[in-house]
Amino acid sequence: MASSFSTAASLSSPKLAPSPNAPLSPPIKSVPTKPIEGQKTGTSGLRKKVKVFMQENYLANWIQALFNSLPPEDFNDGLLVLGGDGRYFNREAAQIIIKIAAGNGVGKILVGKEGILSTPAVSAVIRKRKANGGFIMSASHNPGGPEYDWGIKFNYSSGQPAPESITDKIYGNTLSISEIKMAEISDVDLSSLGVTKYGNFSVEVVDPVSDYLELMENVFDFSLIRSLLSLADFRFIFDAMHAVTGAYAKPIFVDKLGASLDSISNGVPLEDFGHGHPDPNLTYAKDLVDILFSENAPDFGAASDGDGDRNMILGRGFFVTPSDSVAIIAANAQEAIPYFRGGPKGLARSMPTSGALDRVAEKLNLPFFEVPTGWKFFGNLMDDGKLSICGEESFGTGSDHIREKDGIWAVLAWLSILAYQNKDKSPGEKLVSVSDVVKEHWATYGRNFFSRYDYEECESEGANKMIEYLRDMVSKGKPGDKYGKFDLSKYIPTAVFISIYKLKMVPVVGSYALQFADDFTYIDPVDGSVASKQGVRFVFSDGSRIIFRLSGTGSAGATVRMYIEQFEPDVSKHDMDAQTALKPLIDLALSVSKLKDFTGREKPTVIT
């Protein structure tokens, strides 16, 4: 897994062996620097191409700007956690971060062996060890390797991503930075567990799995899940996508829960994710999808992403949308998961996520919150005791056991639901399947047909102009405005259309009546902070929605995301293909946004 490059940008000092008579503080050197453009932090940290981070002082500037942005009491003589997803450049970056942390007065760094810690595990370790915060080296679901992506973010003492008040300060400090404070210490051996001391600063290399596994055993009934995985007629597969959860899959699913070793696919973390794109969706996890839709498919399949915080859930011949997944977990949590025996405190979703979770909150009489995209918005609600289970349509699901979304947690939650539904089945009796669970949920709550179209790496200028055009449109929109006026002959055979038109049974054109349109603004109910311009949405009187936003998780250009949703209470229509059910709304969304005109894109990169 070791990288093969060397560069002055790594800022590595000559090897210095710690002396038994080492001074109280390791020697600190001041490295002159100057501002570097393009270091504004997005919704999930700073993400760029690897070669950008390898530029002289690029990473070091951002890390120093972070320390310049924090109150000294938040890190002086404190404990910080460091880990990442194992991607290319993580090892070199870890040494830079450790030296700058020591140079700024941090007392101790806990780092995962080989630099490995999933994003959920970093949050878990911060919370268990009562750390002051932690660094996560990851570009999440983006591809890795010398030509691809790298990223860094900081999580606070509750385990949640730093708020915008801090990330804005970091960016401000990157514009005026002139000095990097760096301890003159040797590189730390990340391959062996143990503590290395440099005077009053120390680094402890820890097992990346143990604290997280202990937490999972406290959240779930492992004996219940083990009973399901031990059934001869239940087959399970987990695709780690050669990403960080490969380090967790065997200890959890095989060693603790009794799954067979061959149920783990792509289970060795690799610096380039095996030349794959570690994003667990229908496009990039196609190998897993093909297995679950094959003739002799397993009963349950799941995948996680680069840093372990996202998930995809599949049944035999059946895909569970992330919007449905969080709603179904919430609806079944109290019965199936010990952590929620007292019932969830509240439920929340990101604004673009479908309204399926809203209906669960209403039926269970639970507090409900709609927040902008970005897990930090859930964190405040959790810390204030208002929220237990939440999710985003972008394959992120989680709860207040930590302050990050959690891919393996979601898989264990689904296994718990299936195990609970099948706990009284006799040998040979037909098991309740993933599709059975989902369809029963739809029968109870109705189905929210939902799809997302991603247009990746668009030219930023055109994408921004499209959003400004839409913002202008919603500023002029009024309730009752008619949208669409699509030609019904596109959806009805010509002969039938002519007949029903002559009989005056339908109008020549159809339309959606606007309930409201806006650019979503969120006022945090805990601290009163305001997040504006979070996505342009058109909400129609029948509950249908179309939403547009630019993603902050890419490393190049702009990713335009278009969301389409329509509620269907009629059980007889629940088996329709989502793309068929949503076709009129999809056409309306493309027409309203003039997406092709602004971006030049004929087709989306990914449809989910």
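Owing to the predicted nature of the structure, the values given are computational and were not obtained by experimental measurement.

Conventions adopted
Residues numbered from 1 in each chain as written. Predicted model: local features only at pLDDT ≥ 70, side-chain atom pairs only at ≥ 80, totals over all residues. Heavy atoms only, no water. Helix = DSSP H or I, 4+ residues; strand = E, 2+ residues; numbered from the N terminus. Rg over C-alpha atoms; globule rule 2.2 N^0.38 Å. Buried < 20%, exposed > 50% of the residue type's maximum accessible area, 1.4 Å probe, protein only. Contact = heavy atoms within 4.5 Å. Areas by Shrake-Rupley, 256 points an atom, 1.4 Å probe, with all protein chains shown as cover. Phe/Tyr/Trp six-rings, centres within 6.5 Å; stacked < 30°, edge-to-face > 60°. Lys NZ or Arg CZ within 6 Å of the ring centre and 35° of its normal. Salt bridge = Lys/Arg side-chain N within 4 Å of Asp/Glu carboxyl O.

Asker: Is there a simple way to explain the overall build of the protein chain in this structure?
Answerer: The helix and strand tally for the protein chain stands at 19 helices and 27 strands. For a compact globule of 608 residues, the expected C-alpha radius of gyration is about 25 Å, and the protein chain comes in at 25 Å, within 12% of that figure. Each principal axis of the C-alpha atoms in the protein chain carries an extent, and together these give about 95 × 60 × 45 Å. A burial count over the protein chain gives 58% of its 608 residues as buried. Taking as baseline every contact in the protein chain between residues at least 6 positions apart, the subset at least 24 positions apart corresponds to 75%. Put simply, the protein chain shows about 23,900 Å² of open surface, and 51% of that area lies on carbon and sulfur atoms.

Asker: What's the story with unusual backbone geometry in this structure? I'm lost.
Answerer: In terms of backbone geometry, most residues other than glycine have negative phi values and most peptide bonds are trans. One non-glycine residue, lysine 130, lies in positive phi territory at about 55°. As for its position among the elements, lysine 130 is in the loop between helix 4 (119–128) and strand 5 (133–137). Even without glycine at this site, asparagine 266 takes up a positive phi of about 50°. Relative to the assigned elements, asparagine 266 resides in the loop between strand 11 (264–265) and helix 9 (286–292).

Asker: Got a minute to help me understand the side chain of asparagine 332 in this structure?
Answerer: With respect to the helices and strands, asparagine 332 occurs in helix 10 (residues 322–336). In this structure asparagine 332 comes out as buried when scored by relative accessible area, which is 15%.

Asker: Honestly, the packing of aromatic side chains in this entry has me stumped. Any pointers?
Answerer: Given two aromatic rings, one states the distance between the centres and the angle between the planes to describe the pair. One pass over the full model with this rule turns up 23 aromatic pairs. Seen in terms of ring centroids, phenylalanine 67 and phenylalanine 75 are 5.0 Å apart; in terms of plane orientation they differ by 70°. Their pairing is edge-to-face. Considered together, phenylalanine 67 and phenylalanine 75 belong to a single accessibility category, that of buried residues. Ring centres of phenylalanine 377 and tyrosine 522 lie 5.9 Å apart, and the angle between their planes is 85°; on these two criteria the pair is classed as edge-to-face. One end of the pair, phenylalanine 377, is in helix 12 (residues 376–383); the other, tyrosine 522, is in strand 22 (residues 522–523), with 145 residues separating them in the sequence. Judged by relative accessible area, phenylalanine 377 falls into the buried class, the value being 9%. Accessibility expressed as a relative area gives 7% for tyrosine 522, which makes it buried. Each member of the aromatic cluster is reached from another via a ring pair, and the members are Phe67, Phe75, Phe135, Phe154 and Tyr156. Lying across the ring of tyrosine 420, lysine 423 places its NZ or CZ 4.9 Å from the centre.

Asker: Explanation requested: the pattern of salt bridges in the structure shown.
Answerer: Between side chains of opposite charge, a pair can form as their charged atoms come close. Inspection of every chain in the model, using the stated rule, returns 40 salt bridges. Between lysine 405 and glutamate 392 there is a salt bridge; the shortest N-O distance is 3.9 Å. Placement of lysine 405 in the loop between strand 18 (396–399) and helix 13 (407–421) and of glutamate 392 in strand 17 (residues 389–392) is noted, with a sequence separation of 13 residues between them. When its relative accessible area of 7% is taken as the criterion, lysine 405 is described as buried. For glutamate 392, a relative accessible area of 3% gives the class buried. Of the charged contacts in the structure, one is a salt bridge between lysine 439 and aspartate 575, with a shortest N-O distance of 3.7 Å. Of this pair, lysine 439 sits in helix 14 (residues 434–445) while aspartate 575 sits in the loop between strand 26 (558–568) and helix 17 (578–581), placing them 136 residues apart in sequence. Relative accessible area serves as the criterion here: at 37%, lysine 439 is assigned to the partly exposed category. Residue class for aspartate 575 comes out exposed when judged on its relative accessible area of 61%. In this structure, a network of salt bridges that share partners links the residues Arg349, Asp358, Glu370, Asp518, Arg537, Arg545 and Glu565.

Spatial relationships are all this shows, so hold off on functional conclusions.
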